[in-house]
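# Notes for the structure review
This is what each chain is made of:
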Amino acid sequence: TQLLEQSPQFLSIQEGENLTVYCNSSSVFSSLQWYRQEPGEGPVLLVTVVTGGEVKKLKRLTFQFGDARKDSSLHITAAQPGDTGLYLCAGAPQGAQKLVFGQGTRLTINP
Amino acid sequence: DVKVTQSSRYLVKRTGEKVFLECVQDMDHENMFWYRQDPGLGLRLIYFSYDVKMKEKGDIPEGYSVSREKKERFSLILESASTNQTSMYLCASSPEGARIGEQYFGPGTRLTVT
């Protein structure tokens, strides 16, 4: 059983479309992170969300932390082929000292 | 820039062999981690270390051990490799006091055990 459930696990869309990736849990997290991983490389940290309800923007990417700090979403506007990759959410449940990851969302943006 | 390097990008070993995976970071980070990554499962924590000569078990330590003799180097050891240890292995580091989720990853070692 995954502590962090990501959906969808695979997404293939056309350039210019919008998309949202979800990361859900029944546990409360003190913070959640989003990483992007490209083929043959390790994950690279994109953002950390800390406060319930927080919204952070990174160019065309918008990250939101749920009010109860149990879930997060990543929205991409006008997707580009360069957005292609594996997107991972991660977090440490409150009181825990270990990081857990979602299964990942493999995103493909077709030109 | 923080750099985390791993000794091999690809490795093929036989069942029963002892395997060493090396990780080195150049930013004087206190914390180091070993994960394995499998399709549909995300990353799972094997072992971590918050200081030299210190180690803690992660979620899936069985069949693995680690060594941290120097601050910059964290080694993962497969005592007797088995086919179910075929995976991508990722090393990560972070500075003392960093949020636990904010880690710097190496490029990974894809290990195949035949």
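Please refer to the structure higher up on the page.
Quick caveat: nothing in here was measured; it's all calculated off a predicted structure.

### So, the overall build of chain B
Looking only at helices and strands, one finds zero helices and eleven strands in chain B. With respect to the principal axes defined by its C-alpha atoms, chain B has extents near 40 × 30 × 25 Å. In chain B, which comprises 114 residues, the proportion classed as buried is 49%. Expressed as a percentage of contacts within chain B between residues at least 6 apart in sequence, the contacts between residues at least 24 apart total 56%. Just so you have it, chain B exposes about 5,500 Å², and 48% of that area is on carbon and sulfur atoms. Considering chain B, the positive charge centre built from 16 side chains and the negative charge centre built from 16 side chains are found 6 Å apart.

### Here's the deal with the environment of Gly16 of chain A
All names here are of chain A. Mapped onto the elements of the fold, Gly16 is located in the loop between strand 2 (10-14) and strand 3 (19-24). Sequence separation between Gly16 and Leu4 is twelve residues, and the spatial gap between their C-alpha atoms is 29 Å. Those residues in contact with Gly16 that lie beyond four places of it in its chain are Ala78 and Ala79.

### Comments concerning the sheet that holds strand 7 (residues 64-70) of chain B
Residues and elements named next belong to chain B. Ordered by their spatial adjacency, four strands build an open sheet running 1-3-8-7, and the pairing between neighbours is antiparallel. Edge strands, defined here as strands with exactly one partner in the open sheet, are strand 1 (4-6) and strand 7. Within the sheet, the average angular offset between the axes of one strand and its neighbour, ignoring direction, is 20°. Judged from the three bridges that link them, strand 1 and strand 3 (residues 19-25) form a sheet pairing that is antiparallel. Looking across to strand 3, one finds that Gln6 is bridged to Cys23.

### Quick word on the sheet that holds strand 1 (residues 5-7) of chain A
All names here are of chain A. Pairing within the open sheet is antiparallel, and its five strands lie in the order 1-3-8-7-6. At either margin of the open sheet sits one strand with a lone partner, and together these are strand 1 and strand 6 (55-58). The mean angle between the axes of side-by-side strands here comes to 15°, regardless of whether they run parallel or antiparallel. Of the strand pairs in this sheet, strand 3 and strand 8 (residues 71-76) are connected by six bridges, and their pairing is antiparallel. The residue of strand 8 that forms the bridge with Cys23 is Ser72.

### Things to note about the pattern of salt bridges
Two side chains that carry opposite charge are able to pair once their charged atoms sit near each other. All names here are of chain B. A full pass over the atoms with the stated rule returns 13 salt bridges over all chains. We note a salt bridge from Asp38 to Arg36, for which the minimum N-O separation is 2.9 Å. For Arg44, the salt bridge goes to Asp38, with nearest N and O atoms at 2.8 Å. Given the relative accessible area of 11%, Asp38 is considered buried. One continuous salt-bridge network, built from bridges that share partners, spans Asp28, Glu30 and Lys71.

### Remarks on the pairing of strand 5 (residues 44-49) of chain A
Here five bridges tie strand 4 (residues 29-37) of chain A to strand 5 of chain A, and the two strands are oriented antiparallel to one another. Residue pairing in the sheet places Trp34 of chain A in a bridge with Val47 of chain A of strand 5 of chain A.

### Details of the nonpolar core
Most often, soluble globular proteins have nonpolar side chains that are buried together. Within the largest apolar cluster, 22 residues are counted, with the highest numbers of intra-cluster contacts made by Leu19, Trp34, Phe63, Leu74 and Ile76 of chain A. At the level of secondary structure, the elements contributing two or more residues to this core comprise strand 3, strand 4, strand 5, strand 7 (61-65), strand 8, strand 9 (85-93) and strand 11 (105-110) of chain A.

Rules used in this analysis
Residues numbered from 1 in each chain as written. Chains lettered and ligands numbered in written order. Predicted model: local features only at pLDDT ≥ 70, side-chain atom pairs only at ≥ 80, totals over all residues. Heavy atoms only, no water. Helix = DSSP H or I, 4+ residues; strand = E, 2+ residues; numbered from the N terminus. Buried < 20%, exposed > 50% of the residue type's maximum accessible area, 1.4 Å probe, protein only. Contact = heavy atoms within 4.5 Å. Areas by Shrake-Rupley, 256 points an atom, 1.4 Å probe, with all protein chains shown as cover. Lys, Arg positive; Asp, Glu negative; His and termini not counted. Charge placed at Lys NZ, Arg CZ, Asp CG, Glu CD. Pairing = 2+ DSSP bridges. Axes fitted to C-alpha atoms, helices over the stretch in contact; angles between N-to-C directions. Salt bridge = Lys/Arg side-chain N within 4 Å of Asp/Glu carboxyl O. Core = buried A, V, L, I, M, F, W, Y, C linked by side-chain atoms within 4.5 Å.

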